[in-house]
Amino acid sequence: GPIFDGPAGPVLEDIRVRLFEQRTLGGSVADDSRTQVIYERLAEWLADRAEECASGGASASSTAAAAKGPTMPAPTTWAEYVRRTMASIDKRAHLVDQRGNPRVVRTCSSSGVPLIVDLMDWRGRRRARLAYDAASGEVSSVTLVSSDGREIELGQSLAQGD
């Protein structure tokens, strides 16, 4: 299936074909590894904007302003942060990466209790992980992975105001 299903999907596919298959923008651009990074960031940005618009969370003017940074206010509690993170992951649960593998992978204990939920990007690299406390069943930490592989782990003990 397509890597990006959304209103900007055809435009994004056209850009991908021109950059990597037809090489209409020149071989030096297509062969540069930075071109792939730029394409990935563009794809993720478009996916996020499309999700915001679809959920009523952004208007045309706020979408234009989103190029300058996030449009959502910072969550005020750990529970709110986890809720938003889970909603973002759930929106991508039906998507697959470029190899056809699910972008959301859920790992449960033998009794069905959630242990880990991983979110992969369109290339199949882990971008986020929710780790659950086996005893309480609540999310105990969220790990975010940057495009260059750096990990940032956030836990309820780090959150303020909860």
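(A) A look at the overall build of the protein. Secondary structure assignment for the protein yields 5 helices and 5 strands. Considering the protein as a whole, with its 162 residues, one finds that 28% of them fall into the buried category. A fraction of 34% describes how many contacts in the protein between residues 6 or more apart in sequence connect residues 24 or more apart. When the accessible surface of the protein is summed, it comes to about 9,900 Å², and 56% of that surface belongs to carbon and sulfur atoms.

(B) Summary view of the packing of aromatic side chains. Tallied over the full model, the rule gives 1 aromatic pair. Judged by centre distance (5.9 Å) and plane angle (35 degrees), the ring pair of W78 and Y81 falls under tilted. One end of the pair is W78 and the other is Y81, both in helix α5 (residues 78-91) and 3 residues apart, which spans about a single turn. Y81 carries the same exposure label as W78, and that label is buried.

(C) Local environment of the environment of G100. Considering the arrangement of structural elements, one finds G100 in the loop between α5 and β1 (104-108). In this structure, the C-alpha to C-alpha distance between G100 and R123, residues 23 residues apart in sequence, is 9.7 Å.

(D) Region of the structure containing α5. Given a rise of 1.5 Å per residue, 14 residues ought to cover 20 Å, and the 20 Å separating the end C-alpha atoms of α5 matches this to within 8%. Turning to α5, the residues buried within the fold contact β1, β2 (114-120), β3 (126-132), β4 (139-145) and β5 (151-155).

(E) Examining the pattern of salt bridges more closely. With the rule as written, the count across this model stands at 7 salt bridges. R106 serves as the salt-bridge partner of D90, at 2.9 Å between the closest nitrogen and oxygen. Of this pair, D90 sits in helix α5 while R106 sits in strand β1, and the two are 16 residues apart along the sequence. You can call D90 partly exposed: its relative accessible area is 44%. In this structure, D118 engages R129 in a salt bridge whose closest nitrogen and oxygen atoms are separated by 2.6 Å. Taken together, the residues D118 in strand β2 and R129 in strand β3 connect sequence positions 11 residues apart. Residue D118 is classed as buried on the basis of its relative accessible area of 7%. Using a relative accessible area of 26% as the deciding quantity, one classes R129 as partly exposed. What you see here is one network of salt bridges that share partners, running through E80, R83 and R84.

Conventions we followed
Residues numbered from 1 in each chain as written. Predicted model: local features only at pLDDT ≥ 70, side-chain atom pairs only at ≥ 80, totals over all residues. Heavy atoms only, no water. Helix = DSSP H or I, 4+ residues; strand = E, 2+ residues; numbered from the N terminus. Buried < 20%, exposed > 50% of the residue type's maximum accessible area, 1.4 Å probe, protein only. Contact = heavy atoms within 4.5 Å. Areas by Shrake-Rupley, 256 points an atom, 1.4 Å probe, with all protein chains shown as cover. Phe/Tyr/Trp six-rings, centres within 6.5 Å; stacked < 30°, edge-to-face > 60°. Expected span 1.5 Å × (residues − 1). Salt bridge = Lys/Arg side-chain N within 4 Å of Asp/Glu carboxyl O.

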